[in-house]
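# Per-entry structural report
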Amino acid sequence: MKCRRPQRSVRVMRVIHWAVMLGLIQSGALGARKFRGGRNPQQRRALPPAHNRDRAETTESFSLDFTAVEENMDNFMTQVKNLAQSLYPCSAQKLDYDMKLHFLENTSVTCNDGTPAGYYLKESKGSRRWLIFLEGGWYCFNKENCDSRYDTMRRLMSSSKCITGLLFSFLFLFSFNFIMHVFILTLGTGILSSLPEENPHWWNANMVFIPYCSSDVWSGATPKTDKNDYAFMGSLIIKEVVKDLLTKGLDNAKILLLAGSSAGGTGVLLNVDSVSELLEELGHTNIQVRGLSDSGWFLDNKQYRCTDCVDTINCAPTEVIKRGIKYWGGVVPERCRQAYEGKEWNCFFGYKVYPTIKRPVFIVQWLFDEAQLTVDNIHLTGQPVQEGQWRYIQNLGTELRNTLKDVPAMFAPACLSHEFITRNFWTDVQVKGTSLPRALHCWDRSLQENSRNNKSPPKGCPVHLIDSCPWPHCNPTCPTIRDQSTGQEMNVIQFLMHMGFDVQKMAHQQGMDPSKLLGMLSSGS
């Protein structure tokens, strides 16, 4: 007999209730501060797109449109999330929500500013499958840009920044980063969702979410001292979380999937072997450790336009890692360190570290990754791109495709986006007729077959999926693109024209009539 699970509408109403209450709290608190003549507290948006994260955040107000909620639930949920994310989180006691906050038992392992590191856990009684998710959020690589990051994005460096006064009195029950994470952790999105229709194969796993507060791509092992303004302990945070989880049921696990997006995706590549080795050292040799790296497969390619290395956005990928690994005291996998001795920065780039990894890792990567384009100085700001930029973007897709060709388990759509596995569209995008959740299920089956010494993959269950079409969003299942100046949705033809796509030239290259090419694009072929 199957257990009945709460319907999404019921859970949505719970969120609406809290959102309205939080909205009232926010308006009352801000009004009280303004009446007293104090400054309005700085507010922060949660998990912005990677290319926006280094911008100073300003006070915003969000209105809720309750019309046509049933017909447009996704839009309404976005409004609710924006309202909740506009509030300022505070560290204190935790509420009894789906995912509960735990601080590390080892208090010497901390966030950048020395505040306690921790994790969220949602237990699934009876399940022997565990998923540990590493949050992303860029990095900093010297005192100057770390100071700037601390001023503008303190949530990514600390667990304890609180507000005072009236708003604090209402929010003191909420755990650190609570408002920021409440919708991901309570409703869940993508692979963190506890709804089987949204997360077909991992919905009933024990879920662990580790907030990113080390700014070191999960690689550092350096404590905060009198000489060091910041701690960089990302790799140690992961190990301490694993140790703590052994007392909470991980010791009985069959499968542990270490997953992450963006910087967290790179963190998976850097730490999946060390997590497995740690468990083996502690006597837990029966736990199968695997990796799922999303949007963390960056290239050390030449920038479109070279600029001085003054911040995380403009600095070339190789230069920022060379500087960062020294500043963080970064740790890389031992086999990769031996392969690139003296040049360990190479291990932060997927195609170089992947061949040295022993444990199975599934790679998820957009062929036209927005974060990669940003560090390559291709800024898609709403203006049509120049011909040179268009060629660079196409070549990026080709380069990424070439680095992935020998990866046995991967999913690489020809889309312009960043981060995938926690997005609500993760079940919709397909490559060669297969969705990512289906591909992950096939990968799981293939690993089970391999453990039984059956080397042939299950029939009709592909795990090596990469688009072959040559330009951004040539895959008709790609996420919706919006015109940045108008906010209007764009179809494939509008988007490609906006990007500077030359129909005549492309048709000639493909050896076809321009009208036929337009017809194929219009039909989503």
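Under the annotation held in an unreviewed UniProt entry, the protein chain carries the name Notum, palmitoleoyl-protein carboxylesterase a and is attributed to Cyprinus carpio. Per UniProt, the protein chain carries the Sequence similarities (unreviewed entry) text "Belongs to the pectinacetylesterase family. Notum subfamily."

It is worth spelling out the overall build of the protein chain at this point. On a plain count of helices and strands, the protein chain comes out with 16 helices and 15 strands. Buried positions account for 55% of the 525 residues belonging to the protein chain. Taking as baseline every contact in the protein chain between residues at least 6 positions apart, the subset at least 24 positions apart corresponds to 74%. Summed over all atoms, the accessible surface of the protein chain reaches about 23,500 Å², with 50% contributed by carbon and sulfur.

So, about the packing of aromatic side chains. Think of a pair of aromatic rings as described by two things: how far the centres are apart, and how the planes are tilted against each other in angle. Applying the stated criterion to the full structure yields 16 aromatic pairs. Judged by centre distance (5.1 Å) and plane angle (55°), the rings of F232 and Y327 are tilted. One end of the pair, F232, is in the loop between β4 (206–210) and α6 (234–245); the other, Y327, is in helix α8 (residues 317–328), and 95 residues separate them in sequence. We classify Y327 as partly exposed; its relative accessible area is 27%. Note on Y304 and Y392: the rings are 5.7 Å apart at their centroids and 75° apart in plane angle, and the pair reads as edge-to-face. Of this pair, Y304 sits in the loop between β6 (288–294) and α8 while Y392 sits in helix α12 (residues 387–404); the two residues are 88 residues apart in sequence, bridging distant segments of the chain. Taken together, the ring pairs in this structure connect W138, Y139, W328 and F348 into an aromatic cluster.

Looking now at the packing of α6 against helix α7 (residues 263–281). Two packed helices can be described by the angle between their axes and the distance between those axes. Where α6 meets α7, the axes come as close as 10 Å, and the angle between the chain directions of the two elements is 35°. Here α6 and α7 pass one another in a crossing that is right-handed. Counted together, S235, I238, K239, V242 and K243 of α6 and N271, S274, V275, L278 and L279 of α7 form the full contact between these two elements. Its residues assigned to classes, the contact of α6 with α7 shows 5 nonpolar, 3 polar and 2 charged.

In this section: the confidence of the model for the protein chain. For the protein chain, mean pLDDT is 78; residues scoring 70 or higher make up 66% of the total. Low pLDDT, under 50, characterises residues 22–71; the stretch is placed with 85 contacts to residues that sit more than four places away or in other chains. Low confidence marks residues 80–97, where pLDDT is under 50. Its contacts with residues over four positions away, or in another chain, come to 73 contacts.

Turning to helix α3 (residues 143–152), its buried residues number three or more, namely N145, C146, R149, Y150 and T152. Capping of α3 at its N-terminal end is provided by N142; its side-chain oxygen lies 3.2 Å from the backbone amide nitrogen of E144.

Across all of its chains, the model carries 6 disulfides by this definition. One disulfide bridge connects C442 with C461, the sulfur atoms lying 1.9 Å from each other. Every disulfide takes its handedness from the sign of the S-S torsion; for C442 and C461 that torsion is -90°, giving left-handed. Here C442 is found in helix α13 (residues 436–451), whereas its partner C461 is found in the loop between α13 and β13 (464–466), with 19 residues between them in sequence. Accessibility assignment for this pair places C442 and C461 in one class, buried.

Basis of the calculations
- Residues numbered from 1 in each chain as written.
- Predicted model: local features only at pLDDT ≥ 70, side-chain atom pairs only at ≥ 80, totals over all residues.
- Heavy atoms only, no water.
- UniProt positions renumbered as here; feature names shortened; annotations may be inferred.
- Helix = DSSP H or I, 4+ residues; strand = E, 2+ residues; numbered from the N terminus.
- Buried < 20%, exposed > 50% of the residue type's maximum accessible area, 1.4 Å probe, protein only.
- Contact = heavy atoms within 4.5 Å.
- Areas by Shrake-Rupley, 256 points an atom, 1.4 Å probe, with all protein chains shown as cover.
- Phe/Tyr/Trp six-rings, centres within 6.5 Å; stacked < 30°, edge-to-face > 60°.
- Axes fitted to C-alpha atoms, helices over the stretch in contact; angles between N-to-C directions.
- Left-handed = near helix turned anticlockwise from the far one by under 90°.
- Nonpolar A, V, L, I, M, F, W, Y, C, P; charged D, E, K, R; others polar.
- pLDDT = per-residue confidence, 0-100.
- Polar contact = N/O pair within 3.5 Å; in protein donor to acceptor, adjacent residues only side chain to side chain.
- Disulfide = S-S within 2.5 Å.

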